[in-house]
Amino acid sequence: MRKRMIAGNWKMNKTYGEGIVLAQGLADELSGGTGDVDVVVCPPTVDLKGVSEVIAQASAPFALGAQNVYWEESGAYTGETAPDMLEAVGATHCIIGHSERRGYFGETDEDVNKKTRALMAHGIVPISCCGEPLEVREAGTHVAYVVDQIKRDTEGLEVDDPSAYVIAYEPIWAIGTGKTATADDAQEVCGAIRQTLVEVFGAEAADGIRILYGGSAKPGNVAGFLEKQDVDGALVGGASLAADSFAAMVKAA
Ligand code: PEP
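Residues numbered from 1 in each chain as written. Predicted model: local features only at pLDDT ≥ 70, side-chain atom pairs only at ≥ 80, totals over all residues.

Where an unreviewed UniProt entry is consulted, the chain appears under the name Triosephosphate isomerase, with the organism given as Thermophilibacter immobilis. Under the heading Catalytic activity (unreviewed entry), UniProt records this for the chain: "D-glyceraldehyde 3-phosphate = dihydroxyacetone phosphate". Quoted verbatim from the Subunit (unreviewed entry) field of the UniProt record, the comment on the chain reads "Homodimer." (UniProt positions renumbered as here; feature names shortened; annotations may be inferred.)

Below is the structure:
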């Protein structure tokens, strides 16, 4: 039985002070607990330490995630952040391969693969994103496109603990656009991802890996996605920027 996960991606929003206010608001909203749902918030890198302190002080029921990592341990990589630097500020999760990083910063499947290995070596849970652009969806080749991404992102990987590896299916045309995929659209691709994971890791591991849906998910539509067999949670952008809407999604899960 896979535990549901709701993860918030703040993207490049919230200064240090604003991040603390949002994290504190979320801690208040979720003070009654999150039931059987894993909750993760992923602030900008410079906010990680402050949010980590809020989590510790409030005993808040959510984990801390980063939005990016570099795969080397240290060295001359200006502007990058190593896995142990994330670990040192309390990050237990990290988004990788988000379509904005692939699109604006040229992140490739090979990079995603290296980042996954680096995170796993440090016990940080990768939230590994995949998803097709609009033209691929319109051409009807979206399933093959995403399956191909998953094969490249997972090439040569070993997953010892399936609960510590998370995939997020985010159709690019649905991110930040207000356009959501239907729950059936999400299931079609998430089901194909699960089948690919069976081929790559075997049935038992594939059954334990969580697959999130992302793309204009909000309090009013999240439950519909979660009814689907292979959708185990949501990666949330815009609706994670207000404590009440994000908490409402956790409660709906
Ligand atoms: C995201 O970028 O991960 C995302 C899902 O954004 P939004 O919810 O705003 O579409």
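For the rest of this paragraph, the subject is the nonpolar core. Counting residues in hydrophobic clusters, the biggest one holds 71 residues, and the most contacted among them are Ile6, Cys94, Tyr169 and Ala234. In this structure Tyr169 touches Cys130, Gly131, Val146, Ala186, Val189, Cys190, Ile193, Ile211 and Tyr213, once residues within four positions along its chain are discounted. (Core = buried A, V, L, I, M, F, W, Y, C linked by C-beta atoms within 7 Å. Buried ≥ 20, exposed ≤ 12 C-beta atoms within 10 Å, placed from the backbone. Contact = placed C-beta atoms within 7 Å.)

In this model, helix H8 (residues 183–201) (19 residues) spans 26 Å end to end at C-alpha, consistent with the 27 Å of a helix rising 1.5 Å per residue. The set of residues buried in H8 consists of Ala186, Gln187, Val189, Cys190, Ile193, Arg194, Thr196 and Leu197. The elements touched by buried residues of H8 are helix H7 (142–153), strand E6 (166–169), helix H9 (203–208), strand E7 (210–214) and helix H10 (222–226). Gly202 occupies a position one or two residues after H8 and carries a positive phi of about 95°. (Helix = DSSP H or I, 4+ residues; strand = E, 2+ residues; numbered from the N terminus. Expected span 1.5 Å × (residues − 1).)

Now for the sheet that holds E7. With parallel pairing, the eight strands of this closed barrel are ordered in space as E1-E2-E3-E4-E5-E6-E7-E8. Within the sheet, the average angular offset between the axes of one strand and its neighbour, ignoring direction, is 25°. Where strand E2 (residues 37–42) lies against strand E3 (residues 63–66), two bridges are found, and the strand directions are parallel. Across the sheet, the residue bridging to Val41 is Leu64, located in E3. Running over the sheet, helix H5 (residues 109–121) touches strand E4 (93–96) and strand E5 (125–130) and is turned about 165° from E5. (Pairing = 2+ DSSP bridges. Axes fitted to C-alpha atoms, helices over the stretch in contact; angles between N-to-C directions.)

Tracing the sequence through the fold places Ile6 in strand E1 (residues 4–9). Taking the C-alpha atoms as reference points, Ile6 and Val222, separated by 216 residues in sequence, lie 9.7 Å from one another. When sequence neighbours within four positions are dropped, the list of residues in contact with Ile6 reads Val37, Val39, Gly233, Ala234, Val236, Met249, Val250 and Ala253.

Within this structure's numbering, the places UniProt gives as "binding site: substrate" (unreviewed entry) are Asn9, Trp10, Lys11, Gly176, Ser216, Gly237 and Gly238. Look at the named residues: they lie 230 residues apart in sequence, but the longest C-alpha span between them is just 13.9 Å, so in the fold they bunch up. Overall, the presence of 20 C-beta atoms within 10 Å leaves Ser216 in the buried class. Ser216 has contacts with Ala174, Thr177, Gly178, Lys179 and Thr180, leaving out every residue within four places of it along the chain. Positionally, Gly237 belongs in the loop between strand E8 (233–236) and helix H11 (243–252). Exposure remark for Gly237: the 21 C-beta atoms within 10 Å place this residue in the buried category. Discounting residues that sit within four places of it in the chain, Gly237 has contacts with Asn9, Lys11, Ile175 and Gly176.

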